[in-house]
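Analysis of the macromolecular model
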Amino acid sequence: MLGTMLAALFTRPWARRIIGAALAALAVVLFLVNLRRAGERAGRAAERLENLERTHAIQRQILEAASRRPRSRNDLVDRLRSGEF
């Protein structure tokens, strides 16, 4: 009985237009939701990249400072005497 009622409803031109409009609206809503999710993912990826760049910059500074340090006590004494610090 329900099947025949639905079949009769789908044969009406106005019902088909309403169903078509509803499906189009649903497609637009799903597209917008997907677009929002994609934006959130892109934002998280940008934040992650920014954090990685900051971490790498700090690590580079640490490595540069370590490369400039005196290798032995004698080097340290020589630097202190020559006033390089």
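Residues numbered from 1 in each chain as written. Predicted model: local features only at pLDDT ≥ 70, side-chain atom pairs only at ≥ 80, totals over all residues. Heavy atoms only, no water.

This next bit is on the environment of V77. One can find V77 in helix α3 (residues 73-82). V77 gets classed as partly exposed once you look at its relative accessible area, which sits at 34%. Here the alpha-carbon distance between V77 and L35, two residues 42 residues apart in the chain, equals 63 Å. (Helix = DSSP H or I, 4+ residues; strand = E, 2+ residues; numbered from the N terminus. Buried < 20%, exposed > 50% of the residue type's maximum accessible area, 1.4 Å probe, protein only.)

Moving on to a nonpolar patch on the surface. Together, L2, L6, L9, F10, W14, I18, I19, L23, L26 and L30 make up an exposed nonpolar region whose accessible area comes to about 980 Å². Secondary-structure elements contributing two or more residues to the nonpolar patch are α1 (2-10) and α2 (13-68). The greatest single-element share of the nonpolar patch, amounting to six residues, is contributed by α2. Structurally, the position occupied by L26 is in helix α2. On the accessibility criterion, L26 (46% relative accessible area) is partly exposed. (Patch = residues over 30% accessible without salt bridge, like charges linked within 9 Å, V, L, I, M, F, W, Y side chains within 5 Å. Areas by Shrake-Rupley, 256 points an atom, 1.4 Å probe, with all protein chains shown as cover. Salt bridge = Lys/Arg side-chain N within 4 Å of Asp/Glu carboxyl O.)

In the predicted model, the protein carries a mean pLDDT of 90, and the fraction of residues at 70 or more is 99%. Of all secondary-structure elements in the protein, the lowest mean pLDDT belongs to α1, at 77, while α2 reaches the highest, 94. (pLDDT = per-residue confidence, 0-100.)

What follows concerns the pattern of salt bridges. Taken as a whole, this structure holds two salt bridges when the rule is applied. The shortest N-O distance in the salt bridge between R36 and E40 comes to 3.5 Å. Linking R36 with E40, this pair stays in helix α2, spanning four residues, or about one helical turn. The class of R36 is exposed, set by a relative accessible area of 60%. A salt bridge links R54 to E50; the nearest nitrogen and oxygen atoms lie 3.1 Å apart.

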